[in-house]
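# Understanding the architecture of this molecule
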Amino acid sequence: MLYLDRPAWPWRGRLWSHLISDVSYAELHAFAEALGAPRRGFDRDHYDIPADRFAAAVWLGAQEVPSRELVRLLRAAGLRRPKHLVSPGRPHPSPTR
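Residues numbered from 1 in each chain as written. Predicted model: local features only at pLDDT ≥ 70, side-chain atom pairs only at ≥ 80, totals over all residues. Heavy atoms only, no water.

## So, the overall build of the chain
- Per the secondary structure count, the chain includes three helices and six strands.
- Burial statistics for the chain: of 97 residues in total, 39% are counted as buried.
- In the chain, the proportion of contacts linking residues at least 24 apart, taken out of those at least 6 apart, comes to 59%.
- As presented, the chain carries roughly 6,000 Å² of accessible surface, and 56% of it is formed by carbon and sulfur atoms. (Helix = DSSP H or I, 4+ residues; strand = E, 2+ residues; numbered from the N terminus. Buried < 20%, exposed > 50% of the residue type's maximum accessible area, 1.4 Å probe, protein only. Contact = heavy atoms within 4.5 Å. Areas by Shrake-Rupley, 256 points an atom, 1.4 Å probe, with all protein chains shown as cover.)

Structure follows, in structure tokens:
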């Protein structure tokens, strides 16, 4: 299942949501591609989605949940990758997980 929080995170003059999967990174990447989100929007364990794509993500099947619920779902699925555990030179997680 895909989940996202409401666009509430400001950056570069826009508001952003976080999009996650509780199944796999492969599911997340496929959904983001269908949504038209560039791969550069992937950050460790989620995609940053601009507010203008929020409605489309929900229409495509992502379920809106509070931000704290996103973290809980990622941890429960074993897909959480906290920033302090990811070094700049370390590759992103395998897209097959």
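What follows picks up the thread again.
## Describing unusual backbone geometry
- Of note in this structure, Arg12 is not a glycine but carries a positive phi near 50°.
- Considering the arrangement of structural elements, one finds Arg12 in the loop between strand E2 (9-11) and strand E3 (14-21).
- Of note in this structure, Arg44 is not a glycine but carries a positive phi near 65°.
- Here Arg44 lies in the loop between strand E4 (42-43) and strand E5 (46-50).

## Let's talk about the packing of aromatic side chains
- Using the criterion set out here, one finds three aromatic pairs in the structure.
- When the ring of Tyr25 is compared with that of Phe42, the centres are 6.1 Å apart and the planes differ by 80°; the resulting orientation is edge-to-face. Pair noted here: Tyr25 is in helix H1 (residues 25-35) and Phe42 is in strand E4, with a separation of 17 residues, a long-range link. Here Tyr25 matches Phe42 in class, with each residue buried.
- A connected cluster of aromatic rings, assembled from ring pairs, spans Tyr25, Phe42 and Tyr47. (Phe/Tyr/Trp six-rings, centres within 6.5 Å; stacked < 30°, edge-to-face > 60°.)

## Topic: the nonpolar core
- Of all hydrophobic cores here, the largest spans 22 residues; its most connected members are Leu19, Phe31, Tyr47 and Ala62.
- Where this core is concerned, the elements lending two or more residues are strand E1 (2-4), E3, H1, E5, helix H2 (54-59) and helix H3 (67-77).
- The greatest single-element share of this core, amounting to five residues, is contributed by H1.
- Once you skip the residues sitting within four places of it in the chain, Leu19 turns out to touch Leu2, Tyr3, Leu4, Leu28, Phe31, Leu35, His46, Tyr47, Ile49 and Ala62. (Core = buried A, V, L, I, M, F, W, Y, C linked by side-chain atoms within 4.5 Å.)

## Quick word on the environment of Met1
- Mapped onto the elements, Met1 comes out in the segment before E1.
- When its relative accessible area of 38% is taken as the criterion, Met1 is described as partly exposed.
- Sequence separation between Met1 and Leu28 is 27 residues; the distance between their C-alpha atoms is 8.9 Å.
- Each residue touching Met1, except ones within four places of it in the same chain, is listed here: Ile20, Ser21, Asp22, Val23, Glu27, Gly61 and Gln63.

## Points about H1
- For H1, the complete set of buried residues consists of Tyr25, Leu28, His29, Phe31, Ala32 and Leu35. The arc that holds every buried residue of H1, seen down its axis, measures 165°, which confines them to one face. Opposite the buried face of H1, by more than 90 degrees, sit the exposed residues Glu33 and Ala34.
- Lining the buried residues of H1 we find E1, E3, E4, E5 and H2.
- For H1, the N-terminal capping position is held by Ser24, with its side-chain oxygen 3.4 Å away from the main-chain nitrogen of Ala26.
- Note on H1: the residue one or two positions beyond its end, Gly36, has a positive phi of about 90°. (Arc of directions from axis to C-beta. Polar contact = N/O pair within 3.5 Å; in protein donor to acceptor, adjacent residues only side chain to side chain.)

By themselves, these observations are geometric and do not establish any function.
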